[in-house]
Amino acid sequence: MTSSVLQYIIEAQAKYARCIDDDRLEEWPSLFHGPCLYRITTASNYRDGLEAGIVFANSRGMLTDRVSALREANIYERQTYRHILGQPSILSEDGAKVRSETSFLVARILQDGDTSIYATGRYFDVYEIADRSAQLQERTVVCDSSRIDTLLALPL
């Protein structure tokens, strides 16, 4: 592994977090490359190899539809997130394909200013390294807790 691969992943992670935290959700699907996978699941489901998740999308079109639903159809209390990310760990490299794991903490800020820890867990990602950048192909969000707030509206 070269240090540049790790740097590309760190930069991609920061861009991802800023996109969500800055409420630029329409840009979020463009952070995924090619046929993509995004899912949110619990640690126990992940550990047991259960495919079912809380959120599942297997194309950029599904990600775009999720953003459209958030903006136009769903009714939920307005909120913002603040991501705190750990250092990515490279799990494996196979040519230009890199698998990584990154711990995260997401704080949720409600309109009244109430701030709380919303979710903690790990991202299990697959990146394609090309053109001096890391392009996200798969993201499995594994939440530490099996108790998921019904207000899970924004992407983690």
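Details of the structure are given in the entry above.
The structure reproduced in this document is the subject of the present report. For every chain, the first residue of its written sequence is number 1, and the numbers climb from 1 along that sequence. The model is predicted, so local features are restricted to residues of pLDDT at least 70 and side-chain atom pairs to those at 80 or more, both for listing and for counting; the totals for chains, interfaces and linings are taken over all residues. Working from all heavy atoms in the structure, the side-chain values ignore hydrogens and water.

### What about the environment of R18?
Relative to the helices and strands, R18 is located in helix α1 (residues 3-21). Here R18 falls in the partly exposed class, since its relative accessible area comes to 44%. Counting along the chain gives 10 residues from R18 to W28, while the straight-line C-alpha distance between them is 9.8 Å. For helices the rule is a DSSP run of H or I covering at least 4 residues; for strands it is a run of E covering at least 2, with both sets numbered from the N terminus onward. Accessible area is worked out with a 1.4 Å probe on protein chains only. A residue is then buried under 20% of its type maximum, exposed over 50%, and partly exposed in between.

### Side note on the nonpolar core
Only buried Ala, Val, Leu, Ile, Met, Phe, Trp, Tyr and Cys residues count toward a nonpolar core, and they belong to the same one when joined by side-chain atoms within 4.5 Å. One finds Y16, W28, F32, Y38, V141 and L156 to be the most contacted residues of the largest nonpolar core, which totals 34 residues. For this core, the element with the highest residue contribution is α1, accounting for 7 residues. Should any heavy atoms of two residues lie within 4.5 Å, those residues are counted as being in contact. Among residues more than four places away in sequence, those in contact with L156 are Y16, I20, Y38, I40, Y81, H83, V106, Y118, A119, Y123, V141 and C143.

### Some remarks on the state of the cysteines
Put plainly, a disulfide is one covalent bond tying together the sulfur atoms of two cysteines. Note on terminology: disulfide denotes any pair of cysteine sulfur atoms within 2.5 Å. The tally for this structure, following the rule as stated, stands at 0 disulfides. Unpaired in terms of disulfides, C19 finds its nearest cysteine sulfur in C36, a separation of 14 Å. Given a relative accessible area of 2%, C19 falls into the buried group. Of all cysteine sulfurs, the one in C36 lies closest to C143, which takes part in no disulfide; the gap is 18 Å. Residue class for C143 comes out buried when judged on its relative accessible area of 3%.

### Observations regarding the pattern of salt bridges
Any Lys or Arg side-chain nitrogen found within 4 Å of a carboxyl oxygen on Asp or Glu counts as a salt bridge. With the rule as written, the count across this model stands at 5 salt bridges. Two residues, D22 and R24, come together in a salt bridge whose shortest N-O distance is 3.7 Å. One salt bridge in this structure joins E27 and R24, with 2.6 Å as the shortest N-O distance. Here E27 falls in the partly exposed class, since its relative accessible area comes to 38%. On the basis of relative accessibility, which here comes to 29%, the residue R24 falls in the partly exposed class.

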